[in-house]
Amino acid sequence: MRIRIAVLTFACLLSCRTAIADEQRSDSLTADAAAELLEELTPPADEPWRSIPWKIDVLDGQRTASAENKPLFIWAMDGHPLGCT
Amino acid sequence: MLDRESTFAHPEIVKLLRTEFVPIAIDQAYQRRQKDTEGNYYRKIAAQGPRDLNGTTQGFYVASASGKLLLYNNNRDPEKVLRLMKQSATEFRRLPSSDRQATGLRDQQVDRRYSPAPPKGGLVIRVRARILDGYEPTDNKWRRIFQTATSRDNLWLTAEEHKSLAAGTVPDLVARRLARYHLVDNTRGEPPMWKDSEIKSIDLKISDGTINGNVHLRTASGDREYKADLHGWIESKGGRVTRLDLVARGNFRGEGPYTRGAPRGWFPLAVTFRLADGKDTADAIPPQGSRGWIQGYLR
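In this report, the structure presented in the accompanying data block is examined. (Residues numbered from 1 in each chain as written. Chains lettered and ligands numbered in written order. Predicted model: local features only at pLDDT ≥ 70, side-chain atom pairs only at ≥ 80, totals over all residues. Heavy atoms only, no water.)

Structural notes on the pattern of salt bridges
Part 1: Counted by the stated rule, this structure contains 23 salt bridges over all chains.
Part 2: Measuring nitrogen to oxygen at the nearest pair gives 2.7 Å for the salt bridge that ties B:Arg76 to B:Asp3. Taken as a pair, B:Arg76 in the loop between strand E3 (69-73) and helix H5 (78-94) and B:Asp3 in helix H1 (residues 2-5) lie far apart in primary sequence, 73 residues in all. The burial state of B:Arg76 is the same as that of B:Asp3; both residues are buried.
Part 3: Taken together, the shared-partner salt bridges connect A:Glu39, B:Glu235, B:Arg243, B:Asp245 and B:Arg274 into one network. (Salt bridge = Lys/Arg side-chain N within 4 Å of Asp/Glu carboxyl O. Helix = DSSP H or I, 4+ residues; strand = E, 2+ residues; numbered from the N terminus. Buried < 20%, exposed > 50% of the residue type's maximum accessible area, 1.4 Å probe, protein only.)

This is the structure we're talking about:
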């Protein structure tokens, strides 16, 4: 009886380990899948926020604001809003 | 990316910014620390708002060229932002010309620590990441934006590294930089980067114009981990890289203090790398992992 329980426990542990390993494993990345992901993650060029003529230098903005008689709009974030996250 | 998908996707806000304002986008962690003309000017504006300059000053600011603050807002509702922008534009027109058209400022001092430029003769690679699956379905529109978001960052390479890649070799430092600072889940905010000791294994090789490899990253406590395969292509001409496309795809688990809300358990994460053409303003933005520490990032 004890031997049976030990065998069953071992089998269960083995199958759990296999399941975890399967979950962590990524299928091998093929050239086709890589090409597809490259396209999928490239944003369309016509995203509205990209049509805004953002400056990334505050002083450049200050000089333009003065010359064009316009207020500055500063989008200040943690991490660069155009380049991070 | 919430703002990119909501506030700055609103047609009227986009139109106003294109015509009535001078739009500026910054990582305030730089300007609020910079000991130079730009830092002084930004702090002059931010100090008039509600934020303590010793902490984050994030938000939207409208100001005159003289530095007079007309609006501070950190609300993400596009309709509210639009209304406040219109109000502040009206207020701006009432200001004297000494405020509206104050003398343009010159960079009399430049704090080099916070003004890094892409390495001369090097490469800028655009990096994007996306979680491919694993989130619980939601009707919440803000959560949905995060769940489908594609993040952005830049990878910088030095002239020496550029030369090595063009010759068909991936320098160890490049592989480790790519892993530590760019194989991260930054789709919900600023991610924790990997320590060098958290690179459990990395293999990245070029053979006949194809890049192949794999990586295993894991924190000491085991609370974050990424196992991925890499595949891509590289072409060069006259000692210059003319194409670099690379994809990492694998399973990730865990999150950081500013990237809460990751899917539970293991989830598929893809990160793509593509040579920048220098046409995008964002190409000049330093890598997030280099913040105030470009030498450490490149070393």
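What follows continues from the structure just given.
Describing the sheet that holds strand E1 (residues 22-27) of chain B
Part 1: The four strands are arranged E1(B)-E1(A)-E2(B)-E3(B) in an open sheet whose pairing can be described as mixed. In the strand order of this sheet, the two ends are held by E1 and E3 of chain B, each with one partner. Taking the axes of each pair of neighbouring strands and ignoring which way they run, one obtains an average angle of 15° across the sheet.
Part 2: Pairing between strand E2 (residues 59-63) of chain B and E3(B): four bridges, direction antiparallel. Of the residues in E3(B), the one forming a bridge with B:Val62 is B:Leu71.
Part 3: On top of the sheet, helix H3 (residues 58-68) of chain A reaches strand E1 (72-77) of chain A together with E1 of chain B; it is set at about 165° to E1(B), its chief contact.
Part 4: Contacting E1 of chain A together with E2 and E3 of chain B, H5(B) crosses the sheet at an angle of about 170° to E3(B). (Pairing = 2+ DSSP bridges. Axes fitted to C-alpha atoms, helices over the stretch in contact; angles between N-to-C directions. Contact = heavy atoms within 4.5 Å.)

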